[in-house]
Amino acid sequence: MRAEVIHTSVRRGLDGGTGFAVAARTGGMPRVLVESVSALSGLTEAWSGASDWDRTLRATRAVSMPAGVQWVASVIRPSGMDHTGRGNRLAHHRVLDADEVERCDPAQLLCDHERWMASFSGEPRELDVPAPLPGAQATSGAANAWKSAFGDAGVAAEMLERAFQSGVGAWIVLPAGVDRLQLLREMVALLPPANRWKRGWSTRPLRPSADPVPVICVVDEREPEVQKAPVNAAWMLRPRSGEAPRASEALLRRAREGAEPAAPKPVEPLRAATVSWAPPARLEAAAPGHASRGGSPDVMSVADASQETNPIRVELEVPLRRGSSIFWRVMKTVLWLGVAVMLCAVALWLFRGQGT
Amino acid sequence: MHGIPIFEPARDLVRRLHCPHCWQGFAPSDALFVSEDPRLLGDPVAGADEPLRFLPSRFDLTGAAIDPEGARCTRLACPRCRQEFPRAMLEVPASIVSVVGAPGAGKSHLLASAAWSLRREGVRLGIEMTDAEPRLNARLHEAENLLFASADPQRAVKLAKTETAGGGGYRAVRLDGRDETVPVPFIFAVRSHGVQRAERLLVLYDNAGEHFMPGADDAMRPVTRHLGRSEGVVFVLDPTQDPGFRRAAGLPEGNAVTSRQDLVLAEMASRIRHHRGRRTDEACDVPLVIAMAKADLWAKAAGVSLHEEPYEGGGISAARLRAAHQACMALAQRGSPEFVAALRAAFGRVLMVPCSSLGAAGEVDGVRPAQIQPRWAAAPFVAAFEWLPGGRLEGLQP
């Protein structure tokens, strides 16, 4: 369903309560959805001296609902003082329906400043069902802002590929002063449209978690959360300058030249074996590139999302190779021969002495 | 002849403790250790960004656990929610004191002011207070620094409104396949002067006021369930949010914020009964300190002198507290009889303590640290602590 929720500090909330409460929402929204979306409204403290722009959290996140996963795009920003004279924030959430998810670009949606409320005034109220979001705009595809920031647009490809491989999300830690939103936009544009909603995206750090859809966060290096995180945290990716970026050829070309996303590769017949997830006892288990034992997911491939890395349940993909097929045939023959020899031995033992 | 000290002397451990995050009871031997080796990152309950928690099978001579990669570990975690708690909880009994109040009542300001006062003037107040684990009280340190240790005391500052989720006040954990939010407490090691009582840990919670509103307590966000375990409650009452009280105290009506704090009190009493399995008509047996905030605005009308603090002879004075209680109760009876009725219906032991976290009214852009002069800010917490069994005020009947 398409819906909106405005969550901020008000004298009286639409559904009761005071202080942080739902100030406005689309009429007819299920209570459980309102509560789940409202729970996404927190805004963590940023570094000392951060501007309101820096403190604003723009994110797309998947919420698990009884009926399935629901996508929510949010812009949460400081919003002056509330009625008690304390610092307030305003969370504007947009619940997307399946058609919109298919059509839209998450980064373009977050960048559309006209769409997001900056302050709330008036009485708590119910809102109309929002108009459908327009489809994604075509982009050149080249990561020019990344080139300006790091000297090589291919850095965007490397960061994207590494972040995409993490089963718990990733923080791409950027130096102070770069336009994170623009970098995010260009990075998402490198993906084929079908893959852009296979991950959540954020401009402020969100805790890495084993949620069904991990979130890739493009964050400022001054964030207190970044400062507190372990230095070697596997989910923290820092662009390296001066080194040739390592990523797939198609993705590098797309980042540097703006070429169209590569056509999907012909998919080999696969046999899936299910491996239950175990708590990560070592870093490698949660580290990017190690979440899937079947190899790194190809960010340019538009194969079915269900075959992708899942941190809870890992679908191990085992291609049916010719070599392994011959091996199984030989094994079967050996087995049957063994059974025949056994039968002969039993028959000889039963009829021993009858010939004399 | 003295032997060579090879082993550390044995420590006396408590027989059972309760996690300060999820209130699960467990024996010290069930406590998990937090791994220190950087390769052991990611815990299935605490989160992918947390070090692995484990039940150790190897220890060194000092009693520290050895993690699977061979690193020495001393930090402890709850076996259920796997959140860290101070090691002192294994050795010293802990007392939970819940801090409750309507949104905007001033809980965070009062906690910051009280903590600052207790750190600086512990000897005069009769209580020595230190962080049981400084890292876990970081959020409170930030508030204290902002209000009392600002580099530019003339620049207005303001504490952010306490978030209802996320931020430093709550942690999300994955229990039995579902996400649950648990609160992050402030834990202090406290010792009172002049009485023969061992050190005790004081566990305080700074919830958002929204969590105390009716219907805000559920299984996914059981963030106020400390009420079921608390040995004392500090209810922060903001009299200026009550129109009747404002009239009784002679405060201008204006465009003041109003809220029904009697409903918050009734909801709190209801949760205390539910979580302790008590009858609905039974009075709560937990001692309740009503911290009547913003007293700098109304103390004169109540006949309370905030300049005369309730301490004498290196400790809290029961006589002064009783006098202040009677003055506050009289004003509350005149201004907000419905609140007093709710109070008497639900609690057997109540003490009203006036207090002012800042001692000065804030301005539009916040409050200037140079103007902050807390009055009686620590008194509600000192009173609550001394009202616990073995304290100076044990047996006090205001």
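The residue count restarts for each chain, going from 1 along the sequence in the order it is written. The order in which chains are written sets their letters, starting at A; the order in which ligands are written sets their numbers, starting at 1. Where totals are concerned, whole chains, interfaces and linings use all residues; where local detail is concerned, this predicted model gives features only for residues with pLDDT of at least 70, and gives and counts side-chain atom pairs only at 80 or more. Excluding hydrogens and water, the side-chain figures rest on all heavy atoms present in the structure.

Q: Which parts of the structure should I look at to understand the confidence of the model for chain A?
A: Parts of the model with low pLDDT should not have their predicted coordinates read in detail. The pLDDT value tells you how sure the predictor is about a given residue, anywhere from 0 up to 100. Mean pLDDT over chain A stands at 80; residues scoring 70 or higher make up 80%. Note on contacts: a residue pair is in contact if any heavy atoms of the two residues lie within 4.5 Å. Every residue in residues 263-296 of chain A is under pLDDT 50, and counting partners more than four places away or in other chains gives 68 contacts.

Q: Whenever I open this one, the packing of helix α7 (residues 318-335) of chain B against helix α8 (residues 337-346) of chain B confuses me. Can you help?
A: Two quantities define a packed helix pair, namely the angle between the axes and the distance from one axis to the other. All names here are of chain B. For every element, the axis is a line fit to its C-alpha atoms; helices are fit only across the contacting stretch, and the angle between N-to-C directions ranges from 0 to 180 degrees. To qualify as a helix, a DSSP run of H or I must reach at least 4 residues; to qualify as a strand, a run of E must reach at least 2; elements of each kind are numbered from the N terminus. In contact at an axis separation of 5 Å, α7 and α8 are set at 120° when each is read in the N-to-C sense. What the angle tells us is that α7 and α8 run oblique. Where α7 approaches α8, its residues Met329, Ala332, Gln333, Arg334 and Gly335 are matched on the opposing element by Pro337, Val340, Leu343 and Arg344. Angles below 35 degrees are treated as roughly parallel, those above 145 as roughly antiparallel, those between 65 and 115 as roughly perpendicular, and all remaining angles as oblique.

Q: Can you help me understand the interface of chain A and chain B in this one?
A: Interfaces are frequently sized by the accessible area removed from exposure as the parts join. Contacts between chain A and chain B engage 38 residues on the former and 37 residues on the latter. Accessible area that two parts lose when put together, evaluated with a 1.4 Å probe and summed over both, is termed the buried area. Broken down residue by residue, the surface that chain A buries against chain B is led by Phe20, Arg86 and Arg207 of chain A, which jointly contribute 23%. What counts as a salt bridge is simple: a side-chain nitrogen of Lys or Arg found within 4 Å of a carboxyl oxygen of Asp or Glu. Inspection of the region where chain A meets chain B yields two salt bridges. Two residues, Arg207 of chain A and Asp49 of chain B, come together in a salt bridge whose shortest N-O distance is 2.9 Å. As used in this structure description, the phrase polar contact means that two N or O atoms lie within 3.5 Å; if the pair is within protein, one of them must be able to donate a hydrogen and the other to accept it, and residues adjacent in sequence are counted only when both atoms belong to side chains. On the surface where chain A and chain B come into contact, there are six residue pairs in polar contact (both at pLDDT 80 or more). Taken together, the elements giving at least two residues each to the side of chain A that touches chain B come down to β1 (3-10), β2 (19-26) and β5 (87-96) of chain A. Charged residues are taken to be Asp, Glu, Lys and Arg, nonpolar residues to be Ala, Val, Leu, Ile, Met, Phe, Trp, Tyr, Cys and Pro, and polar residues to be all remaining types, Gly included. Its residues assigned to classes, the side of chain A that touches chain B shows 16 nonpolar, 13 polar and nine charged.

Q: Please explain the side chain of Asp67 of chain B as it appears in this structure.
A: Residues and elements named next belong to chain B. By the element assignment, Asp67 lies in the loop between β7 (65-66) and β8 (72-73). Residue burial is assigned from relative accessible area. The probe radius is 1.4 Å, only protein chains are included, and a residue is buried under 20% of its type maximum, exposed over 50%, and partly exposed in between. Only four residue types enter the charge count, namely Lys and Arg as positive and Asp and Glu as negative; His and the chain termini do not. The buried charged residue Asp67 lacks any salt bridge, with Arg58 as its nearest oppositely charged partner at 5.8 Å. A distance of 3.0 Å separates a polar side-chain atom of Asp67 from the backbone nitrogen of Asp37. With sequence-adjacent residues up to four places away left out, Asp67 is seen in contact with Ser35, Glu36, Asp37, Leu40, Phe54, Arg58 and Cys73.

Q: Looking at this structure, I do not really get the sheet that holds strand β10 (residues 84-85) of chain B. What am I missing?
A: Strands pair in a sheet through their backbones, by hydrogen bonds, and they do so in one of two ways: parallel or antiparallel. Residues and elements named next belong to chain B. By this definition, two strands are paired if DSSP reports at least two bridges between them. Pairing within the open sheet is antiparallel, and its four strands lie in the order β6-β3-β9-β10. Each having just a single partner strand, β6 (53-54) and β10 make up the two edges of the open sheet. One ladder, built from two bridges, connects strand β9 (residues 76-77) with β10; its direction is antiparallel. Across the sheet, Ala77 pairs through a bridge with Glu84, a residue of β10.

Q: Sorry, what's going on with the confidence of the model for chain B here?
A: Here chain B averages 87 in pLDDT, and 93% of its residues register 70 or above. This prediction of the complex comes with two scores: 0.77 for pTM and 0.76 for ipTM.

Q: Can you help me understand the sheet that holds β1 of chain A in this one?
A: Residues and elements named next belong to chain A. Read from one edge of the open sheet, 10 strands run β6-β2-β1-β5-β4-β3-β8-β9-β7-β10, paired in mixed fashion. Both edges of this open sheet fall to β6 (125-127) and β10 (236-237), since each of them pairs with a single strand only. Of the strand pairs in this sheet, β1 and β5 are connected by six bridges, and their pairing is antiparallel. Its bridge partner lying in β5, Val5 is registered against His93. Seen against the sheet, helix α7 (residues 180-189) touches β3 (57-65), β7 (170-174), β8 (200-202) and β9 (215-220) and runs at an angle of roughly 145° to β9.

Q: I tried to follow the pairing of strand β5 (residues 47-51) of chain B on my own but got confused; where do I start?
A: Residues and elements named next belong to chain B. In terms of burial, β5 is a largely internal element, five of the five residues being buried. Pairing between strand β4 (residues 41-43) and β5: two bridges, direction antiparallel. Residue pairing in the sheet places Asp43 in a bridge with Gly47 of β5. A loop of three residues connects β4 with β5, the two strands running antiparallel in sequence.

Q: Which parts of the structure should I look at to understand the pairing of β9 of chain A?
A: On a regular strand, one side chain projects to one face of the sheet and the next to the other, so that they alternate. Residues and elements named next belong to chain A. The element β9 is largely enclosed, with a buried count of six among its six residues. Covered by surrounding structure in β9 are Val215, Cys217 and Val219 together with Ile216, Val218 and Asp220, the residues of both alternating faces. Relative to β9, β7 runs parallel, the two being bridged by five bridges. The residue of β9 that forms the bridge with Leu174 is Asp220. Judged from the three bridges that link them, β8 and β9 form a sheet pairing that is parallel. Within β9, the residue paired with Trp201 across the bridge is Ile216.

Q: Sorry, what's going on with the domain arrangement of chain A here?
A: Residue and element names in this part refer to chain A. Note that domain bounds follow an automatic or database assignment of domains. Its domain assignment divides chain A into domain 1 (1-137) and domain 2 (139-259). Look at where the C-alpha atoms of domain 1 and domain 2 centre, and you get two points 24 Å apart. Between domain 1 and domain 2, the contact holds 28 residues from the first and 22 residues from the second. Taking both sides of the interface into account, the surface hidden between domain 1 and domain 2 amounts to around 2,300 Å²; carbon and sulfur atoms contribute 64%. Taken as a group, Trp47, Trp71 and Pro106 account for 25% of the area that domain 1 buries against domain 2, more than any other trio of residues on that side. Linking domain 1 with domain 2 are two salt bridges.

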